Structures are given as C-alpha cells and as structure tokens.
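Commentary on secondary and tertiary structure
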Amino acid sequence: QVQLVESGGGLVQAGGSLRLSCAASGTIFSVNRMGWYRQAPGKQRELVAAIISGGSTNYADSVKGRFTISRDNAKNTVYLQMNSLKPEDTAVYYCRYEKFGPWGNQGYDFWGQGTQVTVSS
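This report concerns the structure included in the present document. (Residues numbered from 1 in each chain as written. Predicted model: local features only at pLDDT ≥ 70, side-chain atom pairs only at ≥ 80, totals over all residues. Heavy atoms only, no water.)

**Examining the packing of aromatic side chains**
Using the criterion set out here, one finds four aromatic pairs in the structure. Seen in terms of ring centroids, Tyr 37 and Trp 111 are 4.9 Å apart; in terms of plane orientation they differ by 65 degrees. Their pairing is edge-to-face. Remark: Trp 111 occurs in strand S10 (residues 109–111) and Tyr 37 occurs in strand S4 (residues 32–39); sequence separation between them is 74 residues. For Tyr 37, a relative accessible area of 14% translates into the label buried. Taken together through their ring pairs, the aromatic side chains of Phe 29, Tyr 97, Tyr 108 and Phe 110 make up a single cluster. (Phe/Tyr/Trp six-rings, centres within 6.5 Å; stacked < 30°, edge-to-face > 60°. Helix = DSSP H or I, 4+ residues; strand = E, 2+ residues; numbered from the N terminus. Buried < 20%, exposed > 50% of the residue type's maximum accessible area, 1.4 Å probe, protein only.)

Okay, structure coming up:
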C-alpha cells in the first residue's frame, strides 16, 4: 500500500503561482511514476503532468510552458510548480502513484485525496 499526502493548494489570482507537493509513503517501488491530475466541476479527471523515477516527464498541452513537475526520489515526493495560473486551471488536483514497468502498473495504483486550486480572474 502507498499513502499520499498532498499540500500546497489554495486561492491565487490569475497570473500568480502555486507549488503543490505530494509525499508518498509505504511500499515504494524504485521504478514508479508519480503525477498530478485535476478535475474541474462537471469535467472528467485529466492528466496535468507525470514523471517517472528516472526523470522522464510528460505534460498536458494546456500547461506546457507554465507548469513544471519535479521529484525528489530520496523523499518520495513529487512537486508541481504552477506559474502564470489561469482561471481555467481551477480544479481539485490529485496526486497519483503507480508502479511502472513493461506490464503497466499491475494494479499498484494509488491516489491522494486531492487539494483545491482556485484561480480568480
């Protein structure tokens, strides 16, 4: 099992910045993928950014150039630096931890409880 503790959400004006953190604990595999997803009211949950333990990243087109995902493997922590925030970034942001390998996560897939990010115009 993996427990995920998220922090860093809040209210910010458009153009501002926030940094989200997600610390994982429990049975951590050395090769894993951690990521941030978001869900706005009435919309499906979507990938924001993800990073594999080796450092490879991928981003949603809507956040490229504004958001940066990073991780500290020694602390099992992933960060999301969000700059130039827009009202459309308003959502609940969820952290996700997955075992990563050629056969996918094999069901070893955990989610945090979510943290609210609200961007006012």
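Still to come is the rest of the account.
**A closer look at the nonpolar core**
With 29 residues, the main nonpolar core has Leu 4, Trp 36, Leu 80, Met 82 and Tyr 93 as its most contacted residues. Among the secondary structure elements, those contributing two or more residues to this core are strand S1 (2–7), strand S3 (18–26), S4, strand S5 (46–52), strand S7 (67–72), strand S8 (77–82), strand S9 (91–99) and strand S11 (115–120). Beyond its immediate chain neighbours, meaning those up to four positions away, Leu 80 contacts Leu 18, Arg 19, Leu 20, Trp 36, Val 48, Ala 49, Phe 67, Thr 68, Ile 69 and Tyr 93. (Core = buried A, V, L, I, M, F, W, Y, C linked by side-chain atoms within 4.5 Å. Contact = heavy atoms within 4.5 Å.)

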